[in-house]
Amino acid sequence: MEIFSNLALGFGVALSPFNVMMCLLGVILGTLIGVLPGVGPVATIAMLLPITFNLDPIGALIMLAGIYYGAQYGGSTTAILVNLPGESASVVTCLDGYQMARRGRAGPALATAAIGSFFAGCFATVVVALFAPPLAEVALKFGPSEYFSLMVLGLVAATVLASGSLIKAIAMVLLGLVLGLVGTDVNSGVLRFAFGVSELADGIGFVVVAMGMFGLAEIITNLEQTENREVFTSKVGRLMPSKEDFKRMAPSILRGTVLGSSLGILPGGGALLSSFASYTVEKKVSKYSHEFGKGAIEGVAGPESANNAGAQTSFIPLLTLGIPGNAVMALMIGAMMIQGIAPGPQVMTERPQLFWGMIASMWVGNLMLVVLNLPMIGIWIKLLTVPYRILYPAILVFMCIGVFSLSNNPFDVLIMSFFGVLGYVCSKLACEPAPMILGFILGPLMEENLRRAMLLSRGDPLVFFQKPISATFLVISILLLVIIALPALRQKREEAFAGDEQK
């Protein structure tokens, strides 16, 4: 079978000494930033983008991918031991994981999270290997109109699934689209939205925006938090779960894996949506639903499996269509563009080593995580006691050096500072920055495909509805907006996200 020869190629690439080292670096760094509350994978990947300039493209992307799914592992450690989600997808793990730690069962809780994540990661890697190639072949038949409509659907889905107000999510997408248009128009050579600032002639750098909106804004927000951390260092105890624990957690791991693998493919889905959905499902189907919130092992096993599966299957739209499903995937597209790789279905045919090497590296990374994480619990616990006031100046210096090194221009540091303040204001106004980043990435691509489609159709806008695939995407987008705009549904959606925030 062709898939086995492709996977053999992938493992050949992933197991080269340099790529194994990059994978190891990624997963360790991912676990580290997952463990430290206040430094998420989005901020870390944004900060590390300048480093990828001088790296081999495959090694750079393997490292960034490792950071993403490594953070899903690390986030659970903090959630269980400190009741602080180290990573947003670990919010749900706090509910039962922390209660297990309080009852002296921190060890089994940590082991459950690691086992669930490993199984889900391996399953999701198989899903990516099976579903990505056929989807990429279909995508090769896409023209400009289909791509434009697909991007519209991606932005609408990301808006619908973004937390908080729908109006605010739409406003953030529109802001991202406008920011993406800043610079010189390729067709006419006219300077747009630059307000006479010559440094903006080439547009606003994606890395600068990402580091400001996620990295700097995250630091400012975290400096406001003054709560004391209660770390259960003395209560970790025996790691291995009992036979009864295995019996209870196995169905939850399976359900969480399937649910996470399905939801991860959706634009705007990924790890966060998967973990919340899994917790809701487990609470409804479990025989021990009365224990939820008091230390039910299913409340750790399900969401931890779902968030890892969701994190990995979110690579499917990235690798096959070149469409980012969430903020981390948008940063991955930025990293590919930095390396001169055009994201999309042609990656599989033109750069099979990159495509299959990344898929194989996910399995290698998951194996590394389960082997490294449990023996290193003691080190992660010690790191939890590091005060944030020591961490943030080092992170700030690192960010400023990284941004300046992009083009040796101090103006980039000023732009990053501006977006840092904007990101902080957005967090205060409960406006999620992820839709803005998706809009910023997809804006120029949407404009390019819109212009191509209009040129090919001689200016006829009906071309988007005359082609079946394009029309289907647009009809789904319109239906999504209409359905979510219905008062009853909108109220339910906002109640659900309000409930998530309280957790």
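If you're wondering where the values come from, they're calculated on a predicted model, not measured in any experiment.

Trainee: Explain the overall build of the protein chain here, please?
Mentor: The helix and strand inventory of the protein chain stands at 23 helices and two strands. Relative to its full complement of 503 residues, the protein chain shows a buried share of 56%. Excluding contacts between residues fewer than 6 apart, the proportion of contacts in the protein chain whose partners are at least 24 apart in sequence is 80%. When the accessible surface of the protein chain is summed, it comes to about 20700 Å², and 68% of that surface belongs to carbon and sulfur atoms.

Trainee: How should I be thinking about the environment of A342 in this particular structure?
Mentor: Looking at the element boundaries, A342 is found in the loop between α14 (327–338) and α15 (346–350). Given a relative accessible area of 47%, A342 falls into the partly exposed group. On a C-alpha basis, the gap between A342 and G322 in space is 8.0 Å, while along the polypeptide they are 20 residues apart.

Trainee: What is the right way to look at helix α8 (residues 166–180) in this model?
Mentor: What sets the pattern is the α-helix's 3.6 residues per turn: residues three or four places apart point alike. Here α8 contains 15 residues, and its C-alpha end-to-end distance of 21 Å stays within 8% of the 21 Å for a straight helix at 1.5 Å per residue. Those residues of α8 that fall on the buried side of the exposure criterion are L166, A169, M172, V173, G176, L179 and G180. Within α8, the buried residues cover an arc of 155° as seen down the axis, which keeps them to one side.

Trainee: Hey, could you run me through the state of the cysteines in this one?
Mentor: Throughout this description, disulfide means a covalent bond between two cysteine sulfur atoms. Per the stated rule, a full pass over the model turns up zero disulfides. Free of any disulfide, C426 has its nearest neighbouring cysteine sulfur in C431, separated by 5.4 Å. Assessed through its relative accessible area of 6%, C426 is described here as buried. For C431, a relative accessible area of 13% gives the class buried.

Trainee: Got a minute to help me understand the packing of helix α4 (residues 57–82) against helix α16 (residues 352–373) in this structure?
Mentor: Angle between the axes and distance between the axes are the two parameters that describe a pair of packed helices. Direction vectors running N to C along α4 and α16 enclose 40°, while the axes themselves pass 9 Å from each other. The angle between α4 and α16 falls in the class oblique. Here α4 runs over α16; the crossing is right-handed. For the pair α4 and α16, the contacting residues are P57, I58, L61, I62, A65, Y69, G70 and Y73 in the first and Q353, L354, G357, M358, S361, M362, G365, N366, L369, V370 and N373 in the second. Taken together, the residues that form the contact of α4 with α16 break down as 12 nonpolar, seven polar and no charged.

Trainee: How should I be thinking about a nonpolar patch on the surface in this particular structure?
Mentor: A cluster of nonpolar side chains, F119, F123, L254 and V258, forms an exposed patch at the surface whose accessible area comes to about 350 Å². For the nonpolar patch, the secondary structure elements donating two or more residues are α6 (106–139) and α10 (243–264). Along the chain, the position of L254 falls in helix α10.

Trainee: Can you help me understand the packing of aromatic side chains in this one?
Mentor: The description of two aromatic rings rests on the distance between their centres and on the angle between their planes. Within the structure shown, the criterion is met by six aromatic pairs. With centroids separated by 6.4 Å and ring planes inclined at 75°, the aromatic side chains of F11 and W363 adopt a geometry described as edge-to-face. With F11 in helix α1 (residues 2–14) and W363 in helix α16, the pair connects residues that are 352 residues apart, well separated along the chain. Ring centres of F418 and F419 lie 5.2 Å apart, and the angle between their planes is 80°; on these two criteria the pair is classed as edge-to-face. A relative accessible area of 1% places F419 in the buried class.

Trainee: Honestly, the pattern of salt bridges in this entry has me stumped. Any pointers?
Mentor: Pairing between side chains of opposite charge can happen when their charged atoms approach one another. On inspection of all chains with the given rule, the structure shows seven salt bridges. Notably, a salt bridge pairs D185 with R451, separated by 2.9 Å at the nearest N-O pair. One end of the pair, D185, is in the loop between β1 (183–184) and β2 (191–192); the other, R451, is in helix α20 (residues 434–456), and 266 residues separate them in sequence. Residue classification places D185 among the buried residues on the basis of a relative accessible area of 8%. A salt bridge links R255 to E282, with the shortest nitrogen-to-oxygen separation between them at 2.9 Å. Here R255 is found in helix α10, whereas its partner E282 is found in helix α11 (residues 270–285), with 27 residues between them in sequence. In this structure R255 comes out as partly exposed when scored by relative accessible area, which is 33%. Residues joined in a network through salt bridges with shared partners are D185, R192, E447 and R451.

Trainee: Just to check I follow, could you spell out the side chain of S278 for this structure?
Mentor: Within the secondary structure, S278 is located in helix α11. The class of S278 is buried, set by a relative accessible area of 1%. Discounting chain neighbours no more than four positions away, the residues touching S278 are G256, L259, G302, P303 and A306.

Trainee: Is there a simple way to explain the nonpolar core in this structure?
Mentor: One recurring pattern in soluble globular proteins: nonpolar side chains tend to sit buried together. Judged by nonpolar contacts, the single largest core of 115 residues is most densely connected at I204, F315 and M332. The element that contributes the greatest number of residues to this core is α4, accounting for 11 residues. Listed in part, the 16 residues of the second largest apolar core include I80, L81, A109 and A113.

Trainee: Where do I start with the packing of α14 against α20 in this structure?
Mentor: The interhelical angle for the contact between α14 and α20, taken along N-to-C directions, is 35°, at an axis separation of 9 Å. In terms of crossing hand, the pair formed by α14 and α20 is left-handed. Here α14 contributes A327, A330, I333, G334 and M337 to the contact with α20, which in turn contributes A434, I437, L438, I441 and L445. Looking at the contact of α14 with α20 residue by residue, the classes come out as nine nonpolar, one polar and no charged.

Trainee: Help me understand helix α5 (residues 91–102), please; the structure alone is not making it clear to me.
Mentor: Between its first and last C-alpha, α5 extends 17 Å over 12 residues, near the 16 Å set by a 1.5 Å rise per residue. Within α5, nine of the 12 residues are buried, which leaves the element mostly enclosed by the surrounding structure. Buried residues of α5: V91, V92, T93, C94, D96, G97, Y98, M100 and A101, and no others.

Trainee: What should I look at first to understand the environment of V42 in this one?
Mentor: Summarising the element assignment, V42 is placed in helix α3 (residues 41–48). For V42, a relative accessible area of 17% puts it in the buried group. If sequence neighbours within four positions are ignored, V42 has contacts with F214, A327, V328 and L331.

Calculation criteria
- Residues numbered from 1 in each chain as written.
- Predicted model: local features only at pLDDT ≥ 70, side-chain atom pairs only at ≥ 80, totals over all residues.
- Heavy atoms only, no water.
- Helix = DSSP H or I, 4+ residues; strand = E, 2+ residues; numbered from the N terminus.
- Buried < 20%, exposed > 50% of the residue type's maximum accessible area, 1.4 Å probe, protein only.
- Contact = heavy atoms within 4.5 Å.
- Areas by Shrake-Rupley, 256 points an atom, 1.4 Å probe, with all protein chains shown as cover.
- Expected span 1.5 Å × (residues − 1).
- Arc of directions from axis to C-beta.
- Disulfide = S-S within 2.5 Å.
- Axes fitted to C-alpha atoms, helices over the stretch in contact; angles between N-to-C directions.
- Parallel < 35°, antiparallel > 145°, perpendicular 65-115°, else oblique.
- Left-handed = near helix turned anticlockwise from the far one by under 90°.
- Nonpolar A, V, L, I, M, F, W, Y, C, P; charged D, E, K, R; others polar.
- Patch = residues over 30% accessible without salt bridge, like charges linked within 9 Å, V, L, I, M, F, W, Y side chains within 5 Å.
- Salt bridge = Lys/Arg side-chain N within 4 Å of Asp/Glu carboxyl O.
- Phe/Tyr/Trp six-rings, centres within 6.5 Å; stacked < 30°, edge-to-face > 60°.
- Core = buried A, V, L, I, M, F, W, Y, C linked by side-chain atoms within 4.5 Å.

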